[in-house]
Amino acid sequence: SGVKDAELIGTRVTIHEPGTGKLLGMRPIAANHSYKSGGALEAHFGLGQQTKVDVKVTLPSGKTATFASVKADQFLDLNLTTSQSTSVTTQAKP
């Protein structure tokens, strides 16, 4: 991600419609998901019919990173320092 995991706590990830800027969704990044548990520091969005979105990541420090026209149906590693995105390959479990 280009930043330490602790810096991600409290981050807000928003997705917008390319061209119009219409807000399509928002996810906060939190370490705890229920009592005595932790979770992955990631955001997942269901996009419906959208094929591309603009992604904006806002850290608690106020620093932002924007990723334009991100294609749907993929997992991405977003580097907030360089504003680069890398597609992550996943393997199906048997």
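Described below are features of the structure shown in this document. Computed from a predicted model, the values in this text were never measured in an experiment.

1. Side note on the overall build of the protein chain
1) Next: Of regular secondary structure, the protein chain possesses one helix and six strands.
2) Next: Each helix (α) and strand (β) of the protein chain, taken in turn from the N terminus, gives the series α-β-β-β-β-β-β.
3) Next: Computed over the C-alpha atoms, the radius of gyration of the protein chain is 14 Å, within 12% of the 12 Å expected from 2.2 N^0.38 for a compact globule of 94 residues.
4) Next: Projected onto the principal axes, the alpha-carbon positions of the protein chain cover approximately 40 × 40 × 25 Å.
5) Next: Here the protein chain, with 94 residues, has 23% of them falling under the buried criterion.
6) Next: Across the protein chain, every contact between residues at least 6 apart in sequence was considered, and the portion connecting residues at least 24 apart equals 35%.
7) Next: With the model as given, the accessible surface of the protein chain reaches about 6,800 Å², and the carbon-plus-sulfur share is 50%.
8) Next: Considering the protein chain, the positive charge centre built from 10 side chains and the negative charge centre built from 7 side chains are found 3 Å apart.

Conventions adopted
- Residues numbered from 1 in each chain as written.
- Predicted model: local features only at pLDDT ≥ 70, side-chain atom pairs only at ≥ 80, totals over all residues.
- Heavy atoms only, no water.
- Helix = DSSP H or I, 4+ residues; strand = E, 2+ residues; numbered from the N terminus.
- Rg over C-alpha atoms; globule rule 2.2 N^0.38 Å.
- Buried < 20%, exposed > 50% of the residue type's maximum accessible area, 1.4 Å probe, protein only.
- Contact = heavy atoms within 4.5 Å.
- Areas by Shrake-Rupley, 256 points an atom, 1.4 Å probe, with all protein chains shown as cover.
- Lys, Arg positive; Asp, Glu negative; His and termini not counted.
- Charge placed at Lys NZ, Arg CZ, Asp CG, Glu CD.

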